[in-house]
Amino acid sequence: THAEEQHNFSAEVERLMDLVVHALYSEREIFLRELIANSADALDRRRFESLTNQTVALPDKPQIFLTVDKKGNLLTISDDGLGMSKDEMIQNLGTIAKSGTRAFEKQLKDAKPEDRVNLIGQFGVGFYSAFMVADKVEVISRRAGSDEAWAWNSEGKGKYSIASSTRNTPGTDVILHIKKDAEEYLESMRLENIIRKWADHIAWPITIKQDDKETSANEGQAIWTKPRGDISDEQLDEFYRHVTHLFDKPLATLLWHAEGVIEFTSLLFIPGMVSPFAPVDQERKSKVRLHVRRMFITDEADMLPPWLRFIQGIVDTEDLPLNVSREMLQNTPVLARIRKNLVNRVISELKKLSEDKEKYTKFWELFGAVLKEGLWEPNENNDTIAKISRFYSSTVDGLTSLSDYVGRMKENQEAIYFLAGDSLEVLKTSPHLEGFKAQGIEVLLFTDPVDAFWPDRFGKFEEKPLRSITRAKEDLDKLMGKEERSNSEEEEKLLKTLMESLKDKITDARMTTRLVDSPVILAAKEDGPDLQMQRLMRRNDR
Ligand code: ADP
Ligand code: MG
């Protein structure tokens with residue numbers, strides 16, 4: 001027999017455990033969601049591994065099984081998942097993979113109590129929530145494909161032990177010694193309610209056993225396989241929170257069953273908020289999950305282009321083999337077709353959403369900067385993206401579309417004018433605007449970094465080129481049909497003096513009629529980068 005080994009938690013784990021247990025006390029029922037989610041993950045992983053390794057094949061009726069022992073004050077969560085080896089137990093239950101305890105701590109402090117529960121899922125510390133309701137936690141696990149079982153034991157106070165154990169079949173039991181003040185979790189009715197609220201979407205059957213009575217707690221059916229009419233709004237919202245780790249409601253939910261040449265189902269969400277942990281800019285990649293016949297395959301299949309990476313959710317298809325390889329994911333025409341189809345559907349949904357001004361403004365504030373990358377990246381939807389893009393302007397309140405701008409253009413105006421900068425406040429008082437304001441010519445105000453890049457690439461919108469008003473030659477005189485004027489002697493003298501004293505800093509000095517209140521303005525060369533672009537380039541050099 002093996003002796004019991006004593007281990008200490010890493011300092012990070014101890015700190016996190018303390019945080020989780022205290023910050024979430026008012027919502028402590030979510031420990032069950034976290035433990036069930038871990039069981040479901042382990043079942044998913046076993047099913048996936050069994051595709052290439054017969055020795056880990058799933059049993060006939062794989063499930064998650066909860067056992068209530070009221071007399072012994074025990075609640076056990078068992079699963080037929082992949083299980084853990086001894087090393088995996090030490091690694092997964094004793095250390096923290098993700099760094100950033102500090103960031104987590106700050107988020108936790110700032111979040112509303114009801115939002116905190118979702119932060120822990122995002123941070124990969126769900127297991128420790130068990131200590132909210134248990135003063136002792138035992139984990140008995142047997143890795144599929146192995147005969148050895150191991151028992152992990154802890155009271156959560158800085159240390160844990162590991163010893164050899166036995167288990168008839170592969171899988172994991174998490175045994176909770178329920179605290180005196182948490183006895184409510186020893187009632188199968190209560191557990192059933194929690195599961196309905198938090199874990200209804202779990203695609204594995206969950207059974208609860210108390211006093212020899214077994215109750216089925218969920219349908220064990222993937223939510224997206226049901227017709228829309230059979231899914232409640234609550235279930236959709238809960239699934240949204242599950243896949244996004246966000247804590248609000250989606251701005252829009254898109255569920256499609258595509259039939260015909262290719263068959264797939266997709267359940268996508270436009271989030272109602274930006275994730276505090278994974279800002280969309282961090283990695284320019286879509287994380288939409290790919291499933292094949294309900295089975296999760298990967299979230300790295302680039303199901304949507306980078307400029308739609310704010311969309312989250314799943315795609316499930318019948319048209320790929322379960323053991324689809326990485327190479328195949330990149331090359332198969334099936335996926336290419338699904339991707340194209342998805343982009344078209346998402347774009348037409350956005351078009352529809354744009355008719356709801358209030359909702360669309362919220363959407364635009366959250367994700368407009370990302371979507372505009374699609375104006376810069378050459379793709380077949382450039383024109384549509386331009387149509388559904390919105391901008392601030394020097395003359396109208398709120399956001400406006402390019403089409404509306406074109407509709408308001410002066411008779412002899414040839415270009416769509418814009419001014420790019422860091423903030424609306426600064427732009428609105430920019431001397432560059434003076435002449436345009438005085439002549440009543442509208443100028444779009446661009447405040448996102450990507451705005452410095454896409455206009456030059458984009459080409460024309462409804463036959464009209466986009467032109468930065470910081471380019472020196474942009475001549476208001478011409479626009480207003482005035483004659484060209486020549487400089488006086490004094491003016492020539494002044495220009496010469498300016499050129500001499502600033503010769504390292506400017507390429508030319510000219511008289512202009514575009515200013516009204518300001519005496520002088522710094523402009524960009526017609527054939528060079530626009531001023532905002534120059535600013536951004538300087539910033540990147542540092
Ligand atoms: P996360 O699930 O986000 O990784 P958790 O704290 O919930 O974080 O779990 C930590 C790790 O412990 C999991 O990633 C997994 O490797 C392991 N684990 C937890 N529960 C189980 C289980 N029932 N079966 C197998 N592995 C598990
Ligand atoms: Mg977990």
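Our subject in this report is the structure included herewith. (Residues numbered from 1 in each chain as written. Chains lettered and ligands numbered in written order. Predicted model: local features only at pLDDT ≥ 70, side-chain atom pairs only at ≥ 80, totals over all residues.)

1. Section: the overall build of the chain
Across its full length, the chain holds 19 helices and 19 strands. The C-alpha atoms of the chain give a radius of gyration of 30 Å, which is well past the 24 Å a tight globule of 542 residues would have. Its C-alpha atoms give the chain principal-axis dimensions of roughly 105 × 55 × 40 Å. Residue burial in the chain is summarised as follows: out of 542 residues, 35% are buried. (Helix = DSSP H or I, 4+ residues; strand = E, 2+ residues; numbered from the N terminus. Rg over C-alpha atoms; globule rule 2.2 N^0.38 Å. Buried ≥ 20, exposed ≤ 12 C-beta atoms within 10 Å, placed from the backbone.)

2. Some words on the pairing of strand β4 (residues 134-142)
As paired strands, β4 and strand β7 (residues 171-178) are joined by eight bridges and run antiparallel to one another. Looking at β7, one finds that E138 is bridged to I175. The sheet contact formed by β4 and strand β5 (residues 149-154) spans six bridges and is antiparallel. For R142, the partnering residue across the bridge sits in β5 and is A149. (Pairing = 2+ DSSP bridges.)

3. Some words on the sheet that holds strand β13 (residues 295-298)
Strand pairing in a sheet relies on backbone hydrogen bonds, with the paired strands running either antiparallel or parallel. Pairing in this open sheet of five strands is mixed, and the strands run β10-β11-β14-β12-β13 from one edge to the other. Across the chains shown, the open sheet's two edge strands, defined by having one partner strand only, are β10 (252-258) and β13. Recorded for the sheet is a direction-independent mean angle of 20° between the axes of neighbouring strands. By the bridge criterion, four bridges tie strand β12 (residues 289-292) to strand β14 (residues 312-317) in an arrangement that is parallel. If you follow L290 over to β14, its bridge partner there is V315. Sitting on the sheet, helix α9 (residues 333-353) touches β10, β11 (264-270) and β14, and the angle it makes with β10 is about 140°. (Axes fitted to C-alpha atoms, helices over the stretch in contact; angles between N-to-C directions. Contact = placed C-beta atoms within 7 Å.)

4. Points about the packing of helix α2 (residues 30-50) against helix α6 (residues 188-198)
One way to put it is that α2 packs onto α6 with a least axis distance of 9 Å and a crossing angle of 70°. Relative to α6, α2 is oriented roughly perpendicular. Seen from above, α2 lies across α6 with right-handed handedness. In this structure, α2 uses I30, L32 and R33 to contact α6, whose residues at the interface are L191, I194, I195 and W198. Tallied by class, the residues present in the contact of α2 with α6 amount to six nonpolar, no polar and one charged. (Parallel < 35°, antiparallel > 145°, perpendicular 65-115°, else oblique. Left-handed = near helix turned anticlockwise from the far one by under 90°. Nonpolar A, V, L, I, M, F, W, Y, C, P; charged D, E, K, R; others polar.)

5. Regarding the environment of S141
The topology assignment puts S141 in strand β4. Residues contacting S141, with those up to four places away along its chain left out, are G83, M84, M89, A149, W150 and T172.

Purely geometric numbers; function is a separate question.
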